[in-house]
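# Architecture at a glance
One letter stands for each residue in the lines below.
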Amino acid sequence: MKEVDRIQRRATFRSYLPAILVFAGAFLMLGLRLQIGAGFISDGAFMMLALACYILGALFQLTNLYAPSEMAQKIGLWSAALGVFFNLSSWLVRWVGAYDLEISKMRESGNMASPWIFRYVPFANLYDLSLAFAFGAGIATLLFAHRKNFQVLAAFTLPLAALILTLARFIGNEFIDLPPVLDSYWRPIHVGVASLSYGIALVCFAVAVIYLLKDKVKVEAMAIWSSIFSVAVIATISKFSVFTEFVYRAGLFVPGGEGKKPFNAPFRLDIPYAGVALAITGVLLVGVVVAFCIYIYKNNEAAGKVGRGLLKVAFTAQIISLAVVIGGIKTTQNIYPTLQQQLAANPGQYLTAGMAIADKQQLSAKEYAAITPMQFEQIAKQYLQSAGDKMFLSLNANPVEIAALITALVGTLFVLIFGFKTEQLRERLPSLESLDSLMYKTACLAFAGLAMLLITGAIWANESWGRPWGFDSKETGALIAWLTYAAFLHTRISRGWKGRSSAYFAVIGFLLVIFTYLGVSYLLPGLHSYA
Amino acid sequence: MSAAEETLKASEVAKPNSVPILNRVLDFLSSVRVGVVLLCVMVVLAMIGMLIMQQNVVGFESYYAGLTPAEKVVFGYLGFFDIYHSWYFNALLLILSLNIVLASIDHFPSAWEYIARPKISATRDWLLGRNQHTVISVYAESEREAAEQIKSAFVANGLKSQVNEHSYTYYEEDPDGRKDFSKILSRSNLYVFGESGKWNRMGAYIVHVALPTLFLGHFVALQTGFDATVRMIPGETTSTIEKLDFDLDKKLEFNVQLPFTIDCTDIQQKLIDEKGGIDVTNTLDWRTHIKINDPQYGVTEADVSLNNPFTYRGYRFFQAQTIPMGSARTITLDLTPENGGAPAKIEIPRNGSTTLADGTTVKFDQFLPDFTLNAQGKPDTRSGDYNNPAAVLSVISPGGEATRVFAFAANISDKIPVGAPKAGYKWRLSSFEKAPLAHVLSIKYDPFNAAFIAWYFGGFGLIGALIFVFFISHKRAWAMIEKTSENTFEVTLAGEANRNHMGFEDKFKAIVTAVTSYERG
């Protein structure tokens, strides 16, 4: 029996080896960074390597689904592990970088204080959280992939982790001045739990998608939802101007001073042809939705064929419009005169810009109401005069918009992939029972993790702000996500909702997690806004 | 009435005993489905509260001003601007708490059965109905020996095991599998039962105790407590705090009398770059030192800093914000005697004083970060930034003559009145420790420590219970031993877990391997 035990233990160890090596390697990188100093590989470089490895790992796992090969599976697994290693290394190296930066600033001014090292834990802003979120998803994938039949998970989770890192890239990895209220031992606990919970929720979502695919949900139905998401993104970016004015306006940055992160200007610059390209893409995607709805509900094969053709054209249009947007942002010169010309032709932006500037001044309702539209415009014109020539375009000025467009593109791509040799793909996926079991397991872990997130956040809020719970936007967002997972778990008990119903719940739960992670920070004001 | 009539007369159908209304209400309230519906309603209301700005959020005033009259009326009437304190939200929380308690009471007996009366034996058909099951042959001298071997295998795999003999009756079956109910037979078999993590069955109930504790504690804290603020300027004493209330776009402040007084003795701002400003981006921490004079309990001193509150008689003091007007915590002055002699360097804390060697008393009255003379020609500050810092001093000569002196950081010409030597010295502000004019402490009054009980006991209890529920599972395994021939026994092995089925599948395989390897040994 001892021999049997030894064999079993060795097999278990081997299956967890990628995850073990990730931690060992990342701490080695940390050691090297401490030894070598600032000349070591930067955290940004590690992050880009992680992104590349995640994409590579996903590619090989996807390839393995269509053309099964031991080699492809192994490369896929080890690429995933390498990606997680680079991801964790980036985070650890960033910790040291933050410490070095602030300590040098302090020593330069003669301040010999030595704040504790946990002050510099990379959990201070959305970039840090994104890095940790992607790591959470990656390590959860590796841990679940210790079972061979679940290595296919990586084909679905790693692209999502790569999207998170892409968003991080656009947010920018400049170090921020840590708001003093965040200097607490609760920060690594609370935000650490958040990143791991979000990562597990991502894996739960991926399992749900695989389940739906295996359960023979029509790819066309998936295409409908993916297209609706893409249309919603196109409709809402650039302050709804794509469908209303056929114009895409990119945000502008104003330099924030030496060593400081730039801040958003209240003006946006029209990128030539981007609006039209995006509008055409949107129309094509609406066509996809209509065609596939007719196909599904009326069993009309012709509509299905049209839909599939439109989907391919829409995908191409998405690539082109994204290229136009990114190309336009990267190549546009002479921002100030171009902006002046555009404002002369369409002075409507002065009013919105003036209102945005007045908003930041925290005026009372009376003071705000007393400002006339002409005064708002005057405020905007004064701002433009003082800061116009310093404004510049950057992908980092619109991180969520660019990342959302890329996510929409990847969604369409995946739907196209799913539509290719669908039956063969379904056969290669794990059994429905094991997928359902994994979905339940990950939902339980996400639920427990979100509960810990809420409680640790409340206790920290009680120590910092004097109130444990104030229904702040982020708190409420996390509560909503947690309640959704609670409803999911209880419907399994009370109604025996397994399988497809559970999968839909898991999808909704993850979307709410994304809203908490991203939507709250960018769309809603509150105490968590610095995150 | 004839017999025929009696037969034909419709017999009175016995009316079903109607379920008492209270029972029906309790059944409804304790239903898990109702709980799920309540959760969904709570999600919807919470989303409304997120999407429609709440009245206590910074920026509400301008948001409210931007709404149409119709939106103001409708949202206001529906209570959407303060939805989390509305009567219907509180009612929802109450009903949800009730549902949790009643559902737990309803389901508890069946969960307790797993602990008090575990299923130590089962029929072959039941065992074969488990997801994890197998039938193997075991070689042993006796049934008891086989049972002990299986028990060892269970124990080796972490299951607490017992061997039992259990008799059961069954009906004889014909070759076609049809049961002959007239032939009742009895059989006695040895069973091995192993389990671990049985208390996991109670985990959900611990969660459901922690949640109402949290809700109730928070509710009590909200009803019995309030929020307030107090401004702290070193050297000043106060016994009132400002309570805040919101009424849509109006912020209402009321003074609340404390049963003690608070002296602010010191405020300090720890900076990253000591040469930089006192804005939040250059700050490590803020610290306020207070002295409480309580007629009942005497004097208490405390430091309040970020993430480090101070609690006194139900009042919890938090470092909230500062008044970003530059001031100085200590000043260092260079004094150059007018008539020659060695220059002196003195350091004076805020509101403090010092006496020079010649008996001159120097008192630090005020600090002006950006000195200017106002329209009336009086000393004033242009802004809160340290653009032209000056210390305002009261200098009392040994003869009792009082003079007002300004000590500047910048080199000011002797010919300018404010820069001219006074009281026998040329005064220069050589350095100072930057600090704001005042700190604002926020205060949470919680007389029953309800928030502490709610979030520490309820919160940590919830976390512990969830870890217990989701990271441990109740695993059970059974082995039914039937003798087939001399020294050969057929063992029906079955197992199940309430969670982590994939993990248990591996464990069951390990148990089977352990049993069969015994057999080979």
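Residues numbered from 1 in each chain as written. Chains lettered and ligands numbered in written order. Predicted model: local features only at pLDDT ≥ 70, side-chain atom pairs only at ≥ 80, totals over all residues. Heavy atoms only, no water.

### Thoughts on the overall build of chain A
Selection criterion: The secondary structure listing takes helices from DSSP runs of H or I that are at least 4 residues long and strands from runs of E that are at least 2 residues long, numbered from the N terminus. All radius of gyration figures rest on C-alpha atoms, and the globule criterion is 2.2 Å times the number of residues raised to 0.38. Exposure is judged per residue with a 1.4 Å probe applied to protein chains only, and the accessible area is read against the type maximum: over 50% gives exposed, under 20% gives buried, and values in between give partly exposed. Note on contacts: a residue pair is in contact if any heavy atoms of the two residues lie within 4.5 Å. The method behind every accessible area is Shrake-Rupley, applied with a 1.4 Å probe, and residues are considered shielded solely by the protein chains displayed. We score Asp and Glu as negative and Lys and Arg as positive, and we do not count His or the chain ends. Every charge is mapped to an atom, namely NZ of Lys, CZ of Arg, CG of Asp or CD of Glu.
Looking only at helices and strands, one finds 19 helices and 3 strands in chain A. Scaling as 2.2 N^0.38, a compact globule of 531 residues should have a C-alpha radius of gyration of about 24 Å, and chain A matches this with 25 Å. Taken over the C-alpha atoms alone, chain A extends approximately 80 × 70 × 45 Å along its principal axes. Evaluated residue by residue, chain A yields a buried proportion of 59% over its 531 residues. A separation of at least 24 residues holds for 80% of the contacts in chain A among residues at least 6 apart in sequence. For chain A, the computed accessible surface area is about 22,000 Å², with 66% contributed by carbon and sulfur atoms. The centroid of the 42 positive side-chain charges in chain A is displaced by 8 Å from the centroid of its 29 negative side-chain charges.

### Some points on the interface of chain B and chain A
A common way to report how large an interface is uses the accessible area buried once the components associate. Our working definition: Accessible surface is computed with a 1.4 Å probe, and the buried area is the amount of it that two parts give up when combined, taken over both parts together. By definition here, a salt bridge exists when the distance from a side-chain nitrogen of Lys or Arg to a carboxyl oxygen of Asp or Glu is within 4 Å. We define a polar contact as two N or O atoms separated by no more than 3.5 Å, with the added condition that, inside protein, one atom must be a possible hydrogen donor and the other a possible acceptor, whereas residues neighbouring each other in sequence contribute only through side-chain atom pairs.
Counting from both sides, the interface comprises 66 residues of chain B and, opposite them, 72 residues of chain A. In total, chain B and chain A occlude about 5,700 Å² of area from one another, counting both sides; carbon and sulfur atoms represent 70% of this. Three residues, B:Met50, B:Asn307 and B:Met502, lead the burial of chain B against chain A; their summed loss comes to 14% of the area buried on that side. Linking chain B with chain A are 2 salt bridges, by the criterion used here. Run the count over chain B and chain A and you get 14 residue pairs in polar contact (both at pLDDT 80 or more).

### Observations regarding the packing of helix α3 (residues 43-66) of chain A against helix α6 (residues 154-171) of chain A
All names here are of chain A. Stated formally: Only the stretch in contact is used when a helix axis is fitted, and all axes are lines through C-alpha atoms; the angle between N-to-C directions ranges over 0 to 180 degrees. Roughly parallel covers angles under 35 degrees, roughly antiparallel covers those over 145, roughly perpendicular covers 65 to 115, and oblique covers all other angles. Less than a right angle of anticlockwise turn of the near helix away from the far helix marks a crossing as left-handed, whereas a clockwise turn marks it as right-handed. Following the grouping adopted for this structure description, the nonpolar residues are Ala, Val, Leu, Ile, Met, Phe, Trp, Tyr, Cys and Pro, the charged ones are Asp, Glu, Lys and Arg, and the polar ones are all others, Gly among them.
Between α3 and α6, the shortest axis-to-axis distance is 8 Å and the interhelical angle comes to 155°. As judged from the angle between their axes, α3 and α6 are roughly antiparallel. Handedness of the α3/α6 crossing: left-handed. Residues Met47, Met48, Ala50, Leu51, Tyr54, Ile55, Gly57, Ala58, Gln61, Leu62 and Leu65 of α3 pack against Ala154, Ala155, Phe156, Leu158, Pro159, Ala161, Ala162, Leu165, Thr166, Ala168 and Arg169 of α6. Looking at the contact of α3 with α6 residue by residue, the classes come out as 18 nonpolar, 3 polar and 1 charged.

### A word on the environment of B:Tyr445
All names here are of chain B. Tracing the sequence through the fold places tyrosine 445 in strand β18 (residues 425-445). Through-space distance from the C-alpha of tyrosine 445 to that of threonine 513 is 63 Å; in sequence the pair is 68 residues apart. Apart from the residues lying within four places of it in its own chain, the contact partners of tyrosine 445 are Thr224, Gly225, Phe226, Arg313, Gly314 and Tyr315.

### Quick look at the sheet that holds strand β1 (residues 248-254) of chain A
Residues and elements named next belong to chain A. For the record, the criterion: By definition, two strands form a pair when at least two bridges between them are found by DSSP.
What the 3 strands build is an open sheet, ordered β2-β1-β3; its pairing is antiparallel. The sheet is open, and its two borders are formed by β2 (263-271) and β3 (392-393), each paired with just one other strand. Here β1 pairs with β2 via 6 bridges, running antiparallel. Each residue of the ladder has a partner; that of valine 254, found in β2, is phenylalanine 263. With respect to the sheet, helix α8 (residues 219-245) is in contact with β1 and β2, its orientation differing from that of β1 by roughly 155°.

### Observations regarding the nonpolar core
Definition in use: Definition used in this section: a nonpolar core is a set of buried Ala, Val, Leu, Ile, Met, Phe, Trp, Tyr and Cys residues joined via side-chain atoms within 4.5 Å.
If you look at the biggest cluster of nonpolar residues, it comprises 233 residues, and the most contacted ones within it are A:Phe156, A:Tyr248, A:Phe267 and A:Tyr485. The residues contacting A:Phe267, other than those within four sequence positions of it, are A:Gly251, A:Leu252, A:Leu339, A:Leu343, A:Gln349, A:Tyr350, A:Ala353, A:Ala380, A:Tyr383, A:Leu384 and A:Met391.

### Here we look at the packing of aromatic side chains
Residues and elements named next belong to chain B. We count it as follows: Stacked, edge-to-face and tilted are the three classes for Phe, Tyr and Trp ring pairs, Trp counted by its six-membered ring, which pair at centre distances within 6.5 Å; planes under 30 degrees apart are stacked, over 60 edge-to-face, the rest tilted. Lysine NZ or arginine CZ positioned within 6 Å of the ring centre and within 35 degrees of the ring normal marks a charge as sitting over the ring.
What the rule picks out here adds up to 59 aromatic pairs over all chains. On the numbers, 5.9 Å between centres and 40° between planes, the contact of phenylalanine 75 with phenylalanine 80 is tilted. You can call phenylalanine 80 buried: its relative accessible area is 14%. One aromatic cluster is present, formed by Phe226, Phe260, Phe310, Tyr312, Tyr315, Phe317 and Tyr445 through successive ring pairs. Over the face of the ring belonging to tyrosine 114 we find arginine 201, whose NZ or CZ atom lies 3.6 Å from the ring centre.

### A closer look at the confidence of the model for chain B
Inclusion rule: Per residue, pLDDT measures the predictor's confidence, with a range of 0 to 100.
Per-residue confidence for chain B gives a mean pLDDT of 88, with 96% of residues at or over 70. Note on the complex model: pTM 0.88, ipTM 0.83.

### Comments concerning the pattern of salt bridges
A side chain with one charge can pair with a side chain of the opposite charge if their charged atoms come near. Residue and element names in this part refer to chain A. Following the criterion strictly, the structure yields 36 salt bridges over all chains and no others. Of the charged contacts, one joins arginine 119 and glutamate 102 as a salt bridge, the two residues approaching to 2.7 Å between their closest N and O atoms. Taken as a pair, arginine 119 in the loop between α4 (70-108) and α5 (126-144) and glutamate 102 in helix α4 lie far apart in primary sequence, 17 residues in all. Classification of arginine 119 by relative accessible area gives buried; the value is 2%.

### Considering a nonpolar patch on the surface
Residues and elements named next belong to chain A. Note the threshold: Candidates for patches are residues over 30% relative accessible area with no salt bridge; among them, like charges are joined within 9 Å and nonpolar side chains (Val, Leu, Ile, Met, Phe, Trp, Tyr) within 5 Å.
There is a patch of nonpolar side chains on the surface, built from Trp116, Ile117, Phe118, Tyr185 and Ile189 and spanning about 490 Å² of accessible area. Here isoleucine 189 shows up in helix α7 (residues 186-214). The partly exposed category is assigned to isoleucine 189, whose relative accessible area is 36%.

### Quick notes on helix α9 (residues 203-224) of chain B
Each turn of an α-helix holds 3.6 residues, which means side chains three or four residues apart point in the same direction. Selection rule: The length a helix should cover is 1.5 Å for every residue beyond the first.
Spanning 22 residues, α9(B) covers 32 Å between terminal C-alpha atoms, matching the ideal 32 Å at 1.5 Å per step. Against the buried residues of α9(B) lie α17 (432-464) and α18 (473-494) of chain A together with α6 (87-116) and α10 (450-471) of chain B.

### A few points about unusual backbone geometry
Here the phi dihedral of A:Lys216 falls at roughly 65°; this positive angle occurs in a residue that is not glycine. Examined against the element boundaries, A:Lys216 turns out to sit in the loop between α7 and α8. In this structure, B:Arg313 is a non-glycine residue whose phi angle is positive, near 50°. Here B:Arg313 shows up in the loop between β9 (310-312) and β10 (315-337).

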